[in-house]
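Chains, contacts and geometry: an overview
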Amino acid sequence: ETGVTQTPRHLVMGMTNKKSLKCEQHLGHNAMYWYKQSAKKPLELMFVYNFKEQTENNSVPSRFSPECPNSSHLFLHLHTLQPEDSALYLCASSHLSLGEQYFGPGTRLTVT
Amino acid sequence: ELKVEQNPLFLSMQEGKNYTIYCNYSTTSDRLYWYRQDPGKSLESLFVLLSNGAVKQEGRLMASLDTKARLSTLHITAAVHDLSATYFCAVDARSGGSNYKLTFGKGTLLTVNP
């Protein structure tokens, strides 16, 4: 059983919808990450949070809005997405002093 | 900008054979990670390599790191079907402050045939 959980596991949304992805880590880590995994592309880092503070935004469009209320929870708010945003969205966490990241099961997002 | 290149990207091998996956990276780093991903699943950590010359082994997989050559290898010995998966290497490229920021290779899709 992974120490990082994500909900929902699957999401289909229209381009005008608003939805949120949730990630929770039970590992006592202090850094959390959002990644996007598209077919035939390398895993892309989207956002990094340390102790609830955003420290990295990898030129992500504003239709993706992250939120980190505490070091155990991370959200990704979605609005007016495009079909090319369809992908697997992975959350990960780590200790700041250790680089190894632990991944959640992912949310398979389809934008219609 | 750190670039991480894996090869091959696709590998089809027979059970019982040996093979090596290569991971090259473009800038100095002494932390490298190997992950496994099964279809439809998330990434599972396999190896953490934290220094030049590091070698780790688990079952039929062995990973090594040469930081001077900026190269890591994942060697598969006597492959079995259960090893079929996509394997990713990831290199630490610290961003500002104390962040660890992993840059991933494109992954190697390994298929082991009976």
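What counts, and at which threshold
Residues numbered from 1 in each chain as written. Chains lettered and ligands numbered in written order. Predicted model: local features only at pLDDT ≥ 70, side-chain atom pairs only at ≥ 80, totals over all residues. Heavy atoms only, no water. Helix = DSSP H or I, 4+ residues; strand = E, 2+ residues; numbered from the N terminus. Rg over C-alpha atoms; globule rule 2.2 N^0.38 Å. Contact = heavy atoms within 4.5 Å. Areas by Shrake-Rupley, 256 points an atom, 1.4 Å probe, with all protein chains shown as cover. Lys, Arg positive; Asp, Glu negative; His and termini not counted. Charge placed at Lys NZ, Arg CZ, Asp CG, Glu CD. Disulfide = S-S within 2.5 Å. Buried < 20%, exposed > 50% of the residue type's maximum accessible area, 1.4 Å probe, protein only. Buried area = accessible area lost by both parts, 1.4 Å probe. Salt bridge = Lys/Arg side-chain N within 4 Å of Asp/Glu carboxyl O. Core = buried A, V, L, I, M, F, W, Y, C linked by side-chain atoms within 4.5 Å. Patch = residues over 30% accessible without salt bridge, like charges linked within 9 Å, V, L, I, M, F, W, Y side chains within 5 Å.

1. Quick look at the overall build of chain A
Within chain A one finds 0 helices and 11 strands. Helices and strands appear in chain A in the N-to-C order β-β-β-β-β-β-β-β-β-β-β. Its C-alpha atoms give chain A a radius of gyration of 13 Å, near enough to 13 Å, the size a compact globule of 112 residues would have. Along the three orthogonal principal directions, the C-alpha set of chain A runs to about 40 × 30 × 25 Å. Within chain A, contacts between residues at least 6 apart in sequence are counted, and of these 53% link residues at least 24 apart. Accessible surface for chain A amounts to roughly 5200 Å². Of this, 51% is attributable to carbon and sulfur atoms.

2. Considerations on the overall build of chain B
Assigned secondary structure in chain B consists of 0 helices and 11 strands. Mapped from its N terminus to its C terminus, chain B presents α and β elements in the order β-β-β-β-β-β-β-β-β-β-β. Compactness check: chain B gives a C-alpha radius of gyration of 14 Å against a globular reference of 13 Å for 114 residues, within 12% of the reference. Structurally, chain B occupies a C-alpha span of about 50 × 30 × 20 Å along its principal axes. A sequence separation of at least 24 residues applies to 54% of the contacts in chain B between residues at least 6 apart. Of the roughly 5600 Å² that chain B leaves accessible, carbon and sulfur atoms contribute 49%. Computed over 12 positive and 10 negative side-chain charges, the inter-centroid distance for chain B is 4 Å.

3. Points about the state of the cysteines
Using the criterion set out here, one finds 2 disulfides over all chains in the structure. There is a disulfide in this structure between B:Cys23 and B:Cys89, and the S-S distance comes to 2.0 Å. The chirality of the disulfide connecting B:Cys23 with B:Cys89 is right-handed, given an S-S dihedral of about 80 degrees. In this pair, B:Cys23 is assigned in strand 3 (residues 19-25) and B:Cys89 in strand 9 (residues 85-92), connecting sequence segments 66 residues apart. For B:Cys23, a relative accessible area of 0% corresponds to the buried category. Free of any disulfide, A:Cys68 has its nearest neighbouring cysteine sulfur in A:Cys91, separated by 8.9 Å.

4. Quick look at the interface of chain A and chain B
Counting residues at the interface gives 22 residues for chain A, matched by 19 residues for chain B. Summed over both partners, the interface of chain A with chain B buries about 1700 Å², with 50% contributed by carbon and sulfur atoms. Three residues stand out in chain A for area buried against chain B, namely A:Gly99, A:Glu100 and A:Phe103, and they jointly supply 26% of the buried area on that side. At the surface where chain A touches chain B, the tally comes to 0 salt bridges.

5. Overview of the nonpolar core
Membership of the largest hydrophobic core comes to 25 residues, with the highest contact counts inside it found for B:Leu32, B:Trp34, B:Leu74, B:Ile76, B:Tyr87 and B:Leu110. Those elements that provide at least two residues to this core are strand 2 (10-14), strand 3, strand 4 (32-37), strand 5 (43-49), strand 7 (61-66), strand 8 (71-76), strand 9 and strand 11 (108-113) of chain B. It is strand 9 of chain B that provides the largest number of residues to this core, a total of 4 residues. Membership of the second largest hydrophobic core comes to 22 residues, among which are A:Leu11, A:Leu78, A:Ala87 and A:Cys91.

6. Looking at the environment of A:Asn58
Here A:Asn58 lies in the loop between strand 6 (53-57) and strand 7 (64-70). Between the C-alpha atom of A:Asn58 and that of A:Phe47, which follows or precedes it by 11 residues, the distance is 6.3 Å. Ignoring sequence-local partners within four residues, the contact set of A:Asn58 consists of A:Leu45, A:Met46 and B:Lys101.

7. Considerations on a nonpolar patch on the surface
Residues and elements named next belong to chain B. A cluster of nonpolar side chains, contributed by Leu9, Phe10 and Leu109, occupies part of the molecular surface with about 300 Å² of accessible area. Relative to the elements of secondary structure, leucine 109 occurs in strand 11. Of the residues examined, leucine 109 reaches a relative accessible area of 36% and is grouped as partly exposed.

8. Overview of the pattern of salt bridges
As enumerated under the stated definition, the model contains 2 salt bridges over all chains in all. Here A:Arg63 ties to A:Asp85 by a salt bridge, and the two come within 2.7 Å at their closest N and O atoms. Placement of the pair is A:Arg63 in the loop between strand 6 and strand 7 and A:Asp85 in the loop between strand 8 (73-79) and strand 9 (87-94), with a sequence separation of 22 residues. One salt bridge in this structure joins B:Arg36 and B:Asp38, with 2.9 Å as the shortest N-O distance.

The values reported here are purely geometric and, on their own, carry no functional implication.
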